[in-house]
Each structure stands twice: as C-alpha cells, then as structure tokens.
Amino acid sequence: MKKSVLTRYRVMAYVTAVLLILLTVGTIGKRLLHLDGFSGFTTAVGIAHGWLYVVYLVFAFDLGSKAKLPVGRLVWILLAGTIPTAAFFAERQVTRAVEPLIENETGTSPAAA
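Residues numbered from 1 in each chain as written. Predicted model: local features only at pLDDT ≥ 70, side-chain atom pairs only at ≥ 80, totals over all residues. Heavy atoms only, no water.

1. Considering the packing of aromatic side chains
Next up, step 1: Under the criterion given, the structure shown has 4 aromatic pairs.
Next up, step 2: Arranged with centres 5.7 Å apart and planes meeting at 45 degrees, the rings of Tyr14 and Phe88 form a pair that is tilted. Of this pair, Tyr14 sits in helix H1 (residues 3-32) while Phe88 sits in helix H4 (residues 86-108), and the two are 74 residues apart along the sequence.
Next up, step 3: Assessed through its relative accessible area of 25%, Phe88 is described here as partly exposed. (Phe/Tyr/Trp six-rings, centres within 6.5 Å; stacked < 30°, edge-to-face > 60°. Helix = DSSP H or I, 4+ residues; strand = E, 2+ residues; numbered from the N terminus. Buried < 20%, exposed > 50% of the residue type's maximum accessible area, 1.4 Å probe, protein only.)

2. Comments concerning the pattern of salt bridges
Next up, step 1: Counted by the stated rule, this structure contains 3 salt bridges.
Next up, step 2: Here Arg8 and Asp62 are joined by a salt bridge, their closest N and O atoms 2.2 Å apart. Separated by 54 residues along the polypeptide, Arg8 in helix H1 and Asp62 in helix H2 (residues 38-66) bring together distant segments of the chain.
Next up, step 3: Among the salt bridges present, the one from Glu91 reaches Arg10, with a minimum N-O distance of 2.5 Å. In this pair, Glu91 sits in helix H4 while Arg10 sits in helix H1, placing the two residues 81 residues apart along the sequence.
Next up, step 4: Looking at Arg10, the relative accessible area reads 24%, which means it is partly exposed.
Next up, step 5: Each of Arg8, Asp62 and Lys66 takes part in a single network of salt bridges with overlapping partners. (Salt bridge = Lys/Arg side-chain N within 4 Å of Asp/Glu carboxyl O.)

3. Some points on the packing of H1 against H2
Packed helix pairs are specified by the crossing angle of their axes together with the interaxial distance, meaning the distance between the axes.
Next up, step 1: With their axes 8 Å apart at the nearest point, H1 and H2 run at an angle of 155 degrees to one another. It follows that H1 is roughly antiparallel to H2 by the angle criterion. In this structure, H1 crosses over H2, and the sense of that crossing is left-handed. (Axes fitted to C-alpha atoms, helices over the stretch in contact; angles between N-to-C directions. Parallel < 35°, antiparallel > 145°, perpendicular 65-115°, else oblique. Left-handed = near helix turned anticlockwise from the far one by under 90°.)

4. Quick look at the confidence of the model for the chain
Low-confidence regions, as indicated by low pLDDT, have predicted coordinates that should not be scrutinised in detail.
Next up, step 1: Chain-level statistics for the chain give a pLDDT mean of 88 and a share of 90% at 70 or above.
Next up, step 2: When mean pLDDT is compared element by element in the chain, H2 scores highest at 94, while H4 scores lowest at 82. (pLDDT = per-residue confidence, 0-100.)

5. So, unusual backbone geometry
Next up, step 1: Not every positive phi belongs to a glycine, and His34 is a case in point at roughly 55 degrees.
Next up, step 2: Within the secondary structure layout, His34 lies in the loop between H1 and H2.
Next up, step 3: Not every positive phi belongs to a glycine, and Thr85 is a case in point at roughly 70 degrees.
Next up, step 4: Its location among the elements puts Thr85 in the loop between helix H3 (71-79) and H4.

6. Section: the packing of H2 against H3
Next up, step 1: It is at 9 Å that the axes of H2 and H3 come closest, and there the two elements cross at 160 degrees. Considering the angle they form, H2 stands roughly antiparallel to H3. Of the two elements, H2 crosses H3, and the hand of that crossing is right-handed. Where H2 approaches H3, its residues Tyr53, Tyr56, Leu57, Ala60, Phe61 and Gly64 are matched on the opposing element by Leu74, Ile77, Leu78 and Leu79.
Next up, step 2: Tallied by class, residues from the contact of H2 with H3 come to 9 nonpolar, 1 polar and no charged. (Contact = heavy atoms within 4.5 Å. Nonpolar A, V, L, I, M, F, W, Y, C, P; charged D, E, K, R; others polar.)

7. Examining H1
Next up, step 1: The end-to-end C-alpha distance of H1, which contains 30 residues, comes to 43 Å, matching closely the 44 Å that a straight helix rising 1.5 Å per residue would cover.
Next up, step 2: At the exit of H1 stands His34, carrying a positive phi of roughly 55 degrees. (Expected span 1.5 Å × (residues − 1).)

Listed below in structure tokens is the structure:
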C-alpha cells in the first residue's frame, strides 16, 4: 500500500473533524444562544462538511480495503466523521495500525533499494 493512501485519508479526517466542530459550535450559537450571525455560518459550514464527508468516506473506505481492516473497525472509521472530535481519535488509531504495513512494504520492495 502506498503512503499517499494514508496521507489523503489523514488530511480528510482532520478537515472533516474541524468542520464538524465548527458546525457544532455554529449550531449551538444559532439554536441555543439565538445569535443572529450564525445562520449563514451554519449553512455554509454544513454544506462544506456534507460534501467533504462524502470525500472522507471514499478515502476511508479505500484505505480500509487496501489495509484489509476488519469490518467493525472500518465502520467505526466511516462513522467517526459524524461525531465531533471522533475523527481525531479514529485517525490516530488507523495511522498506528497502517504505518507498519507501509514501512514493511517499502522496506522489502526492490524498487526502494
């Protein structure tokens, strides 16, 4: 497996997590605190998070299938983009699990020598 597969997953995990935190803050400001300026912010961040979450799903599924992750772990990774801050934890777990696979593959290939 190439390192770029892990890198693009990690980038999308961080982007998705940050947007979801911003969306949560915006929703609290709009719904609970009834602040006027949060309506447009919540709409824009919600749309961005929705579309980028789809990209996150594609990259996470690609990584999970190439790394041959168990189905339970793959479901956790896919759902992590819907729970605020969960994508940060899922990303760390996946990185720890997948990095040895990348290092072993690059260390044993004849092209790396």
